[in-house]
Amino acid sequence: MKRIVSFGGGMLCTLLSFLCRAAIHPNSLFADHMVLQQQVPVPLWGTGTDGQKVTVSFNGQQQVTIVQNGCWRVTLSPLTAGGPFTMTISADTVITIGDVLVGEVWICSGQSNMDRRLKPMPPQKPIVRWEEEVQAARYPEIRQFFVPHSAVTEEPKEDCNGKWTVCSPQSVMEYSAIGYFFARDLYKTIKVPLGFIYTAWGGTPAERWVSREVLKSDTALSGLVTAYYEAMKRYPGQLEAYKAKEPDLLQQWSRDSLKAVTKGAPLPPKPRPPFNLQKEGDCGGLYNIMVAPLTPYAIKGVCWYQGESNSARAWQYPALLTALINSWRQKWNEGNFPFLIVQIAPYKDMSPEIREAQLQVSQKLPNTALIVTTDCGDSADIHPTFKQPVGARLALAARAVAYHEPITYSGPVYKRFKIMGDKIILYFEHARQLESKGGPLKGFTIAGPDHQFVTAKAIIKGSSVEVTSSEVPHPVAARYGWSNVPDVNLYNEAGLPASPFRTGQ
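Rules used in this analysis
- Residues numbered from 1 in each chain as written.
- Predicted model: local features only at pLDDT ≥ 70, side-chain atom pairs only at ≥ 80, totals over all residues.
- Heavy atoms only, no water.
- Helix = DSSP H or I, 4+ residues; strand = E, 2+ residues; numbered from the N terminus.
- Rg over C-alpha atoms; globule rule 2.2 N^0.38 Å.
- Buried < 20%, exposed > 50% of the residue type's maximum accessible area, 1.4 Å probe, protein only.
- Areas by Shrake-Rupley, 256 points an atom, 1.4 Å probe, with all protein chains shown as cover.
- Lys, Arg positive; Asp, Glu negative; His and termini not counted.
- Charge placed at Lys NZ, Arg CZ, Asp CG, Glu CD.
- Bend = angle between axes of the 7 residues up to and from the residue.
- Polar contact = N/O pair within 3.5 Å; in protein donor to acceptor, adjacent residues only side chain to side chain.
- Salt bridge = Lys/Arg side-chain N within 4 Å of Asp/Glu carboxyl O.
- Pairing = 2+ DSSP bridges.
- Axes fitted to C-alpha atoms, helices over the stretch in contact; angles between N-to-C directions.
- Right-handed = clockwise from strand over helix to strand, strands pointing away.

**Q** How would you explain the overall build of the protein if you had to name every residue and give the values?
**A** Counting its secondary structure elements, the protein contains 12 helices and 24 strands. In terms of overall size, the protein behaves like a compact globule, its C-alpha atoms giving a radius of gyration of 26 Å where 505 residues would be expected to give roughly 23 Å. A buried classification covers 54% of the 505 residues belonging to the protein. Taken as a whole, the protein presents about 21,800 Å² of accessible surface, with 54% of it coming from carbon and sulfur. Distance between charge centroids for the protein: 1 Å, based on 51 positive and 43 negative side chains.

**Q** Describe helix α7 (residues 238-263), listing the residues and the values that go with them.
**A** Considering bend angle alone, the principal kink of α7 is centred on K245 and spans about 50 degrees; proline P247 follows within four residues of it. Of all the residues in α7, the buried ones are L239, Y242, K243, E246, P247, L250, W253, S257 and A260. One or two positions beyond α7, positive phi appears at G264, with a value near 75 degrees.

**Q** Talk me through the side chain of R184; I want residue IDs and the actual numbers.
**A** Among the secondary structure elements, R184 is positioned in helix α4 (residues 177-190). Within the local environment of R184, its side chain forms a polar contact with the side chain of E133, the two groups lying 2.6 Å apart. Among the polar contacts made by the side chain of R184, one reaches the side chain of D185 at a distance of 3.0 Å.

**Q** Before we move on, could you go through the pattern of salt bridges and cite the residues and values that matter?
**A** Counted by the stated rule, this structure contains 16 salt bridges. Ionic pairing is found between E493 and R432, a salt bridge with its closest N-O pair at 3.5 Å. Separated by 61 residues along the polypeptide, E493 in the loop between β23 (490-492) and β24 (501-502) and R432 in the loop between β16 (423-429) and β17 (434-436) bring together distant segments of the chain.

**Q** Summarise the sheet that holds strand β20 (residues 457-461); cite the residues concerned and give the values.
**A** Spatially, 4 strands are ordered β15-β16-β21-β20 in an open sheet, and the strand pairing comes out antiparallel. In this open sheet, the two strands that pair with only one neighbour each are β15 (413-420) and β20. Put simply, the sheet's adjacent strands are angled 25 degrees from each other on average, direction ignored. Across 7 bridges, the pairing between β15 and β16 is antiparallel. Its bridge partner being in β16, V413 is matched across the sheet by E429.

**Q** Pulling in residues and values, what's your account of the pairing of strand β14 (residues 368-371)?
**A** Working note: regular strand, side chains alternate between the two faces of the sheet. Here β14 shows two buried faces, one formed by T368 and L370 and the other by A369 and I371. For strand β13 (residues 339-342) and β14, the ladder comprises 4 bridges, and the chain directions are parallel. Within β14, the position partnered with L340 by the bridge is A369. In this region the chain leaves β13, passes through helix α11 (residues 352-364) and returns to the parallel neighbour β14; the handedness of that crossover is right-handed.

**Q** Help me get a handle on the sheet that holds β24, residues and values and all.
**A** Reading across the sheet, the 4 strands line up as β19-β18-β22-β24 and stay open at both edges, with antiparallel pairing between neighbours. Single-partner strands in this sheet number two, and they are β19 (454-455) and β24. Pairing of strand β22 (residues 477-480) with β24 involves 2 bridges; the strand directions are antiparallel. From the neighbouring strand, R479 faces β24, where its bridge partner is R502.

What follows is the structure, encoded as C-alpha cells:
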C-alpha cells in the first residue's frame, strides 16, 4: 500500500512540476477582444518559468523569447489596422487569444467624472439620455479594458487583472460614460477599431497617480512624500489598513446607496479614512495599481479628467499635472504622446484657480489640449450629467492633436491684452471669429489700479474683445469667467467655448 502511495505521490509531483512549468501567463491586457495599437512597435509580456521558450504568433509575425526571472516579453513590428485576428502564445502549452483588433488605443483616466459609468449610479443623477445611448451602443469595433479597483500596494503591480469587453447595449452600461462618448465620436471619424483603457478612481488627488519616486525627485512636490511618511508614523497601521479595504468599503457603500434610493431612505454615510487621505496619504498609490501595470502597452494618447480633489491646492496643480504627464510619457517611452485635459466644470466649490492651472499646463507642454466645459456644469453637483459634449470635444481634440486634422479643436484661448485709453483689448488664439451665445457677452470684469474688479461691458471686434466700464476710467486688468460657477458665453466660429482667464495675478 505504501509503495502505491509512494508511486502515486511521485507521479503527482511529476505532474505538478509539468503543470507549473507549463504555466505561461500573458498579462491580462492580452486577452480575447483586445485592441492593439497600429503603426508602432507593440510590446507583449507575461510570466512563466525560467528557461521556457515562448513563441508569439500574430498576423504573419512570429517572435521568440526565453523566460528570465519569471518574466517574458516580445515586441511585434508595427501593425496595420484591421481584424478580427487570432494570436497564439506557445510554450509547453498553447494559449489562443481570439477576436483581436488592430486600431487605436487610448487611456481614459482621472477621478469621479471619468469614473462615472453610463448606467445609473445612485446617489448620483443619471446621465442625460442614458437609456437612448445604451440602446444605440452597437459598435463591435469599440472595446473597453476595465482596470478594477484593488487594494493599494507599496510597490508597482505587474498585472491589474482587467478585462476587455466588446461594446454593445449589454456591456456599455459598465463603460466610463465620457470614455464611451469619446471613443464613439472618434471612431465615427477615423473609422478604425478603437480600444480605450478605463482606469479611474473617484475622489482621488493627482499625487495618487504619480509615482512616489517622481514626486520625491521634484523639489516642488517632495513635501507630499514627506507628509505621506509622517502620516504613516502618525497613524501606525491605519493608513495601510484603510488602503487595503478601501475598494470593498466603497463598493458596499454604492450597494447600500442604491438600496436606500430604491426605498426612499436616507443615504448611508460615505466611508472616510481616519485621516485626511488627500493631504497625507497614499501619494503614488494609484500609480502602482492603476497605471504601472499598463506600461508599456502601446497607446495613442491619454484623456484626463481630474482636479476636483486638488482645487484647494490649485497653486500646486501645475507642477503636479506636469510631473504626471512627463513621467507617464517617460514610462511609456513613446515620446510626447497626446495628452488631453478636461477642464473642471462649473461647480460651487471649484475655484477658478484650478481651471487656470489646467490651462497653464496645456499651454506649456507639447501635444496637449484643453477641453473647456463652462457650458457642461452644474452649480449644485460636482458630477454634471451632460457628458456627451465632453466626449465630443475630446474626440475633436484627438483628431487635431493626434491625427493632425486641420480643424479647429479648441475654444478661444486668451493670448495678450492692450490698454487703449479707458478700454482693454483682449486678443485670442483659436479664434478666427468670436461669437456670443444667447445675447450680449457676459462674464467679463475689469479693474483699475486698486484691483477692485467690477462687471464690464464687452464687445466683440472680430477676433478680439473690447472691455470697458464707466466705473474704471484707467483699467489695468481684466478677467473672464473668474468664479466658481462662471456664467459666460464667449465662443469661436466652431461653437467651442472660451476658457476662463485673467490678464494678471
